[in-house]
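Chain and residue survey
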Amino acid sequence: MKYWIAKSDPDCYSWDDLKRDKTTDWDGVRNYQARNNLKEMKIGDLVLIYASVTTKDLVGIAKVSKEAYQDPTTDDERWVAVELEAFEDLEKPINLQKIKETPELQNIALIKQSRLSVMPVTREEFDKIIEMSKS
């Protein structure tokens, strides 16, 4: 199993939208590195959902429920989507500032590659974020 972060502007599609819809196409990604990360996702991988732009919080966990397929928002075969299903809320949102202040998360892609919309995280980083959400 692998672990990921996917960013979404809550004004466009929020964690609450995903919980309401149960599943969604994670589409519209137009960065090659983020696209390659989508292609690496496997069914059952866990994805932290990051509310970008407004609150800048990690807010929930989704699961990959369908692996990479043609992005339905374009006919360009270079772009893919995955299907995500809502899994669970983080007990407490984790703000970007808190992530930046946490020594164990200093190498996380959310800090190192802040413009990337889909990024991997290590098991240790994922576990630390879950731990932080419980305190």
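So, here is what we can say about the structure in this document. Please read these numbers as outputs of a predicted model, since none were measured by experiment.

The next thing to look at is the pairing of strand β4 (residues 57-70). Where strand β3 (residues 46-51) lies against β4, 6 bridges are found, and the strand directions are antiparallel. Among the inter-strand pairings, leucine 48 is bridged to a residue of β4, identified as isoleucine 61. As consecutive antiparallel partners, β3 and β4 are separated by 5 residues, and within that stretch valine 53 has a phi angle of approximately 70 degrees, a positive value. Where β4 and strand β5 (residues 80-95) come together, 10 bridges link them in antiparallel fashion. Note on β5: the bridge partner recorded for isoleucine 61 is glutamate 88.

Let's shift gears to the side chain of glutamate 125. Examined against the element boundaries, glutamate 125 turns out to sit in helix α5 (residues 123-133). No salt bridge is formed by the buried glutamate 125, whose closest oppositely charged neighbour, lysine 112, lies at an N-O distance of 9.6 Å. Separated by 2.9 Å, the side chain of glutamate 125 and the backbone nitrogen of threonine 122 make a polar contact. Not counting residues up to four positions away in its chain, the partners in contact with glutamate 125 are Glu104, Leu105, Asn107 and Ile108.

What follows is about the sheet that holds strand β1 (residues 3-8). Spatial strand order, β2-β5-β4-β3-β1-β6: 6 strands in an open sheet with mixed pairing. Two strands lie at the open edges of the sheet, namely β2 (23-26) and β6 (118-121), each paired on one side alone. The average angle at which neighbouring strand axes cross in this sheet is 40 degrees, direction not considered. Pairing geometry for β2 and β5, over 4 bridges, is antiparallel. Counted as the bridge partner of tryptophan 26 is valine 82 from β5. In this fold α5 packs onto β1, β3, β4, β5 and β6, with an angle of close to 45 degrees to the strand it touches most, β5.

Applying the stated criterion across every chain yields a total of 10 salt bridges. As a salt-bridge pair, aspartate 16 and lysine 19 come within 3.4 Å of each other at their nearest N and O atoms. Remark: lysine 19 and aspartate 16 occur in helix α1 (residues 15-21); sequence separation between them is 3 residues, near one turn of the helix. Take lysine 19: its relative accessible area is 32%, and that puts it in the partly exposed class. Within the structure, one salt-bridge network assembled from shared partners comprises Asp16, Lys19 and Asp89.

Its volume calculated, the largest pocket comes out at about 320 Å³. The biggest single contributor to the lining of the largest pocket is β2, with 3 residues. Of the residues that constitute the lining of the largest pocket, the class distribution is 7 nonpolar, 5 polar and 5 charged.

Calculation notes
Throughout this document, residue positions are counted from 1 along each chain, in the order its sequence is written. This being a predicted model, a pLDDT of at least 70 is required before a residue's local features are given, and a value of 80 or more before pairs of side-chain atoms are given or counted; all residues contribute to the totals for chains, interfaces and linings. Heavy atoms from the whole structure form the basis of all side-chain values; hydrogens and water molecules are not counted. Between any two strands, at least two bridges found by DSSP are needed for them to pair. Labels follow the DSSP assignment, with helices taken as runs of H or I lasting at least four residues and strands as runs of E lasting at least two, numbered in each case from the N terminus. Exposed residues in this analysis have more than 50% of their type's maximum accessible area, buried residues have under 20%, and partly exposed residues fall in between, with area computed by a 1.4 Å probe over protein chains only. Counted as positive: Lys and Arg. Counted as negative: Asp and Glu. His and the chain ends are not counted at all. A side-chain nitrogen of Lys or Arg and a carboxyl oxygen of Asp or Glu constitute a salt bridge if their distance falls within 4 Å. N or O atoms closer than or at 3.5 Å make up a polar contact, with two conditions inside protein: a donor-capable atom paired with an acceptor-capable one, and, for residues adjacent in sequence, both atoms drawn from side chains. Residue contacts follow a heavy-atom distance rule, with two residues in contact if any of their heavy atoms lie within 4.5 Å. Only the stretch in contact is used when a helix axis is fitted, and all axes are lines through C-alpha atoms; the angle between N-to-C directions ranges over 0 to 180 degrees. Using a grid of 1 Å spacing that covers the protein atoms alone, one calls a set of points a cavity when a 1.4 Å probe fits there but cannot get out, and a pocket when the set is open and has protein on both sides within 12 Å along at least five of seven lines; lining residues are those with an atom within 4 Å of a point. Grid points are joined across faces, edges and corners, and a volume is the space filled by probe spheres set on the points. When residue character is reported, Ala, Val, Leu, Ile, Met, Phe, Trp, Tyr, Cys and Pro are called nonpolar, Asp, Glu, Lys and Arg charged, and the others, Gly included, polar.

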